[in-house]
Every structure is written in C-alpha cells, then in structure tokens.
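What the coordinates show
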Amino acid sequence: MSNMTIKQIETAIKSYIDENFPGEYRYALMLNGSWGSGKTYFIQNNIIRDYNKDYHNDRKHIKAVYVSLNGLKDKNEIASSIMSSVASAKSGKAVLWAVGIAVGFLSDLAGTYIGAKTSENVEETLKLTSFSENEFFFVFDDLERCLMPLEESLGYISSFVEQYKAKVIILANEEEIKNGFAQRMDYYQLAANKDLKINLDASEKEKGDLKNHDNRIDILDLSRRAEKVSEALGTYERIKEKVVGKTIEFKLSLQERVENILRFSTPAYISDVAVAAEVVKLMEDGQHLNLRTLMFAAQVFNKFTPYTHDYEEREEYIVFMQQLFYVILRVSIRCKSGKEDVSWKPYEKSKFVQFGRNKFSEFLSLKAVHDEVYYGLFTPEGVEESILIFYDFV
C-alpha cells in the first residue's frame, strides 16, 4: 500500500491492532521505509503513545511492547528484550533482564527491580514477564539491523502471530534487506559464473560491452549481477510472505513528516502548517534533511521556553517564539552538518551569521543558542540576556 497520507497510515495500523483476525488467517503487518524517514518516531508517537496512555487505568486496554532488533544476535537476546519490555509495561518501571536468564536467578532480580523479597516471588516475577492473548501487541523495529539470519528472526517473530495470536508490527527498510541478501556469498558465486545469463539494464550492459570483449565479467558488474540473482530467486519475498500479510509503505512528503514531529514535540504555535513549511525550507536550503536534527532543535527550544514566560502577554509573543525556533534550527542544522561554530568575541551575545550558501543568507544568531547546541553549555543568565536582545530585534 503506497501513497498513503499519515492519517491513512495511522488508521490502517490501528484497524489492524483493534480488529480480530478473520478466521485462521493470522499475519504480521510491515511498515516499510528508508532510514531517516521518521517511521520509528511515527510508530512511537502516533501509535504506541495512544495505546499505552490508558493501560494502567483500563486493564482490558491492549498495550504495546516495543523491541529494537538492532544488533541482536540470537533468539535469547530477542527474548530478553521482550521480557524487559513486558515487565516494564506491567510494573510501570524500567526493568532490564540479563540475556539467557535462569529461572533460579529470577528471585534475585525480583528483589532488585520490583521489590520481591522471597523465593516465592519467582512465580510473581514469571507472571510479570508473561502475557495473555490480546494483552499486548508487539512492535519489532530495525529488522534489517538484526544480526540473526532473516529466516530465523522472522521465524521467531512469526511464533507470536501463530501461537499467541498476537498482533505484530515490523518496522523495516526493505531496500537494505534486499541489498543484504545480494551480498550473500552463494549469490556472488552464481553471479561470477559467466555462463549464467543475467540481463542487466541497457546502460550497464552497454558499459560492460565496451570493457569486455572476451565475455569475462567485469568486477564492477559483479555486485549488480548478484542483486539480479537475488531478485530472480526471490528468497527474501518467500521468507517474508510466510509472516507478513500486509505491507504499508511509509513514504510521506517532508512537509508531512515535519508537521508530525512538531505536533508531538513543540507547542501549538510551533506545530503550525506555515511554520512547518518554513522548517522544510530551512532544511532544504541547508541541504540537511535529517529529521533527528529537527527533533534535537525541538528539545533545545523546549529548554529555552521557560525563560520566555515574561513575554507571554505581549502581542508579538507567538511571532517572537517562532523566530526563536528558526534560530535554534539554523544553528542545529549547521552543527549537525559538521560545520564548525563561528568565532565569538568575549563581549558578543549576538551577531549576524551566514547560514546558507550565499552572502544574502545572513541571520541574527544568539551565542546562548550556539553554546547549547555545540557544547551543551547552558546558563540561565546568558539565555535570559540573549532572549532580551532577540526580542528587541524581532
């Protein structure tokens, strides 16, 4: 399913979670998107936050268990992550279980993490890490970064769907998964066989013909030939279809993704459509589209906000705060793009700084913002002084 709006994606995922499986056909749902597309932020804020907020008030309300597969090497590590998430959800506290934990060791951990005092509480601890049907739905993130063979990781995940009838959402970058399959040594061995007919696209074939007059395989073509072998054998698709019944493509415009992040991380006067459009312009002008930088800028802005309360009753307050956010975002983009900080003289609290690629892209910037963004230096006095200077300027 492609070209869906963020609201349509949210509705489709919530429908999957809320509705019963029809008959005996049970399946996992995949949310596919490139790295940095904002799919993790979306799932945590638009989906998980909604389901988890009422869990302790309503025990019938289904709750999310989130597990990142990044770097996990085997089933025991996945199981430990799941136990931690389930126990944390039930106890309301952060609980970290050791990998390969023995049942006899649970009583010690029970006493450490959840206040259990006797060996009899092992049973209570086991209850804490177990779950019943329809109590949780499971979100497995970073499938492409899991160090287990894909057959094993998806096979393990499928047990939640088949045995426990649980709803499972898998977040993945399928392009990276397919690239990973193309790197398999057996695919390279097939690709290196010059007698195996593999049709590259016209431009690559023409380029190869110019280089090779004796039918040998050019080393530059080997990787592409391996990809073609992977596509032809369809190994990934065959593994996937046993577990995943529906795939939603997370391909939103930058404007939609920015609006969604601002909606959950900033006050209403910042999460405005017009502000989001200006944010998109700043990111594009800075040739920096990493949404994590926007999230970072939002955190810095929220740290500065308490020091602007004296200006709340003034007519220009909203415009002033929006302009302050743009200052913080410009500095954040500069920093996260790897550019050095500008030099500041000891007495300078503000100055015009060139942020874009031409001399007309100079904007007033604040030393207090640069100090926080670049060095993590935050002084209330410096912030208050900078805000006063900037308010007079705006």
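A short tour of the structure in this document, coming up. (Residues numbered from 1 in each chain as written. Predicted model: local features only at pLDDT ≥ 70, side-chain atom pairs only at ≥ 80, totals over all residues. Heavy atoms only, no water.)

**Comments concerning helix α1 (residues 6–18)**
- Taking 1.5 Å of rise per residue, the 13 residues of α1 would be expected to cover 18 Å, and the 18 Å separating its terminal C-alpha atoms lies within 8% of that figure.
- Regarding α1, the residues found buried are Ile6, Ile9, Glu10, Ile13, Lys14, Tyr16 and Ile17. Taken end-on, α1 shows its buried residues confined to a sector of 155°, consistent with a single buried face. Turned more than 90 degrees away from the buried face of α1 sit Lys7 and Asp18, all of them exposed.
- Looking at the buried positions of α1, the neighbouring elements they touch are β1 (28–32), α2 (39–52), β3 (136–141), β4 (168–172), β5 (244–249) and α12 (254–265). (Helix = DSSP H or I, 4+ residues; strand = E, 2+ residues; numbered from the N terminus. Expected span 1.5 Å × (residues − 1). Buried < 20%, exposed > 50% of the residue type's maximum accessible area, 1.4 Å probe, protein only. Arc of directions from axis to C-beta. Contact = heavy atoms within 4.5 Å.)

**Examining the packing of aromatic side chains**
- For the structure shown, the criterion picks out 20 aromatic pairs.
- Relative to Phe325, the ring of Phe301 lies with its centre 5.4 Å away and its plane at 90°, an arrangement referred to as edge-to-face. Here Phe301, found in helix α14 (residues 291–304), pairs with Phe325, found in helix α15 (residues 317–336); they are 24 residues apart in sequence, far enough to count as distant. The exposure classification of Phe301 matches that of Phe325, with both residues buried.
- Of the aromatic side chains, those joined through ring pairs into one cluster are Tyr311, Phe320, Phe352, Phe390, Tyr391 and Phe393.
- When the ring centre of Trp35 is taken as origin, the NZ or CZ atom of Arg145, which lies over that ring, is 4.5 Å away. (Phe/Tyr/Trp six-rings, centres within 6.5 Å; stacked < 30°, edge-to-face > 60°. Lys NZ or Arg CZ within 6 Å of the ring centre and 35° of its normal.)

**Details of the environment of Ile248**
- Residue placement: Ile248 occurs in strand β5.
- Between the C-alpha atom of Ile248 and that of Ile13, which follows or precedes it by 235 residues, the distance is 8.8 Å.

**Some thoughts on a nonpolar patch on the surface**
- On the surface, Val319, Phe352, Phe393 and Val394 cluster together into a nonpolar patch covering about 380 Å² of accessible area.
- Structurally, Val319 can be placed in helix α15. (Patch = residues over 30% accessible without salt bridge, like charges linked within 9 Å, V, L, I, M, F, W, Y side chains within 5 Å. Areas by Shrake-Rupley, 256 points an atom, 1.4 Å probe, with all protein chains shown as cover. Salt bridge = Lys/Arg side-chain N within 4 Å of Asp/Glu carboxyl O.)

**With respect to a negative patch on the surface**
- Judged by side-chain charge, Asp310, Glu312, Glu313, Glu381 and Glu384 come together as a negatively charged surface patch.
- Within the fold, Glu381 resides in helix α17 (residues 380–393).
- Accessibility expressed as a relative area gives 57% for Glu381, which makes it exposed. (Lys, Arg positive; Asp, Glu negative; His and termini not counted. Charge placed at Lys NZ, Arg CZ, Asp CG, Glu CD.)

**Details of helix α13 (residues 273–285)**
- Across its 13 residues, α13 extends 18 Å between first and last C-alpha, which sits within 8% of the 18 Å expected from 1.5 Å per residue.
- Taken residue by residue, α13 has Val275, Ala276, Val279, Val280, Leu282 and Met283 as its buried positions. Each buried residue of α13 sits inside an arc of 165° when the element is viewed along its axis, so together they form one side. Turned more than 90 degrees off the buried face of α13, the exposed positions are Val273 and Ala274.
- Tucked into the core, α13 has its buried residues touching α12, α14 and α15.
- Measuring from the backbone nitrogen of Ala274 back to the side-chain oxygen at the start of α13 gives 2.9 Å, which picks out Asp272 as the cap.
- Residue Gln287 follows α13 closely and has a positive phi angle near 50°. (Polar contact = N/O pair within 3.5 Å; in protein donor to acceptor, adjacent residues only side chain to side chain.)

**Let's talk about the pattern of salt bridges**
- For the structure shown, the criterion picks out 11 salt bridges.
- Between Arg145 and Glu144 there is a salt bridge; the shortest N-O distance is 4.0 Å.
- Look at Glu144 and you get buried, because its relative accessible area is 19%.
- A salt bridge links Asp285 to Lys281, with the shortest nitrogen-to-oxygen separation between them at 3.1 Å.

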